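An overview of the molecular structure
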Amino acid sequence: MTIAAELKPRLIYITTRSAEEAEKIARDVLERHLAACANLIPGMRSFYRWEGKVAEGDECVLILKTVSARVDALISRVKALHSYENPSILILPIEDGYAPFLSWIAESTAKIA
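Presented here is a report on the structure given in the accompanying data block. Just so it is clear, the structure is predicted and the values come from calculations on it, not from any experiment.

Describing the packing of helix 2 (residues 19-31) against helix 3 (residues 71-81)
For the pair helix 2 and helix 3, interaxial distance at closest approach is 10 Å and the crossing angle is 145°. The two elements helix 2 and helix 3 cross, and the hand of that crossing is right-handed. Along the contact surface, helix 2 presents Glu 21, Lys 24, Ile 25, Asp 28 and Val 29, while helix 3 presents Leu 74, Arg 77, Val 78 and Leu 81. Of the residues belonging to the contact of helix 2 with helix 3, the class tally is 5 nonpolar, no polar and 4 charged.

Written as structure tokens, this is what we have:
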């Protein structure tokens, strides 16, 4: 069994309306130990179908690292803070990685806020 299989780390991919919104969400979930770290990638241009029409807009990508045990609480918090009616929140399993980093993710999300 790999350390990733044991710790069950997850990568959470989220899009937000702005870098400010992504930062607000990132700081909140980090303070609550729902995520170990956050990466913001501003300046993304999105094209999508919404309410029967093709739409487009500038967004910011927010990537969070957490563990599977914290995913439900993290999603709940993101939904409470997010401005979109139907936010893009995708949970991706991390199959392998640098063991000390994966352990750090688990340690950083172990405290219950």
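Observations regarding the pairing of strand 1 (residues 9-16)
The buried fraction of strand 1 amounts to 6 of the 8 residues, a majority that puts the element mostly inside the structure. Relative to strand 3 (residues 53-67), strand 1 runs antiparallel, the two sharing 8 bridges. Bridged to Tyr 13 within strand 3 is Ile 63. Note that strand 1 and strand 4 (residues 89-93) share 5 bridges and pair antiparallel. Pairing of Ile 14 across the sheet is with Ile 89, part of strand 4.

Parameters at a glance
Every chain's residues receive numbers from 1 upward, in the order its sequence appears when written. In keeping with the model being predicted, local features are shown solely for residues with a pLDDT of at least 70 and side-chain atom pairs are shown and tallied solely at 80 or more, while totals for entire chains, interfaces and linings include all residues. As a rule here, side-chain values cover all heavy atoms of the structure and leave hydrogens and water aside. The axes used here are C-alpha line fits, helices contributing only the stretch in contact, and every angle between their N-to-C directions lies in the interval 0 to 180 degrees. Here a helix means four or more residues in a row that DSSP labels H or I, a strand means two or more in a row labelled E, and each is numbered from the N terminus. Here a crossing is taken to be left-handed if its near helix is turned anticlockwise relative to the far helix by less than a right angle, and right-handed if that turn runs clockwise. Any pair of residues with heavy atoms lying within 4.5 Å of one another is described as a contacting pair. Only Asp, Glu, Lys and Arg are considered charged in this grouping, and only Ala, Val, Leu, Ile, Met, Phe, Trp, Tyr, Cys and Pro are considered nonpolar; every other residue, Gly among them, is considered polar. Relative accessible area decides the class of each residue, using a 1.4 Å probe on protein chains only: under 20% of the type maximum gives buried, over 50% gives exposed, and in between gives partly exposed. DSSP-based pairing: two strands are paired if at least 2 bridges between them are found.

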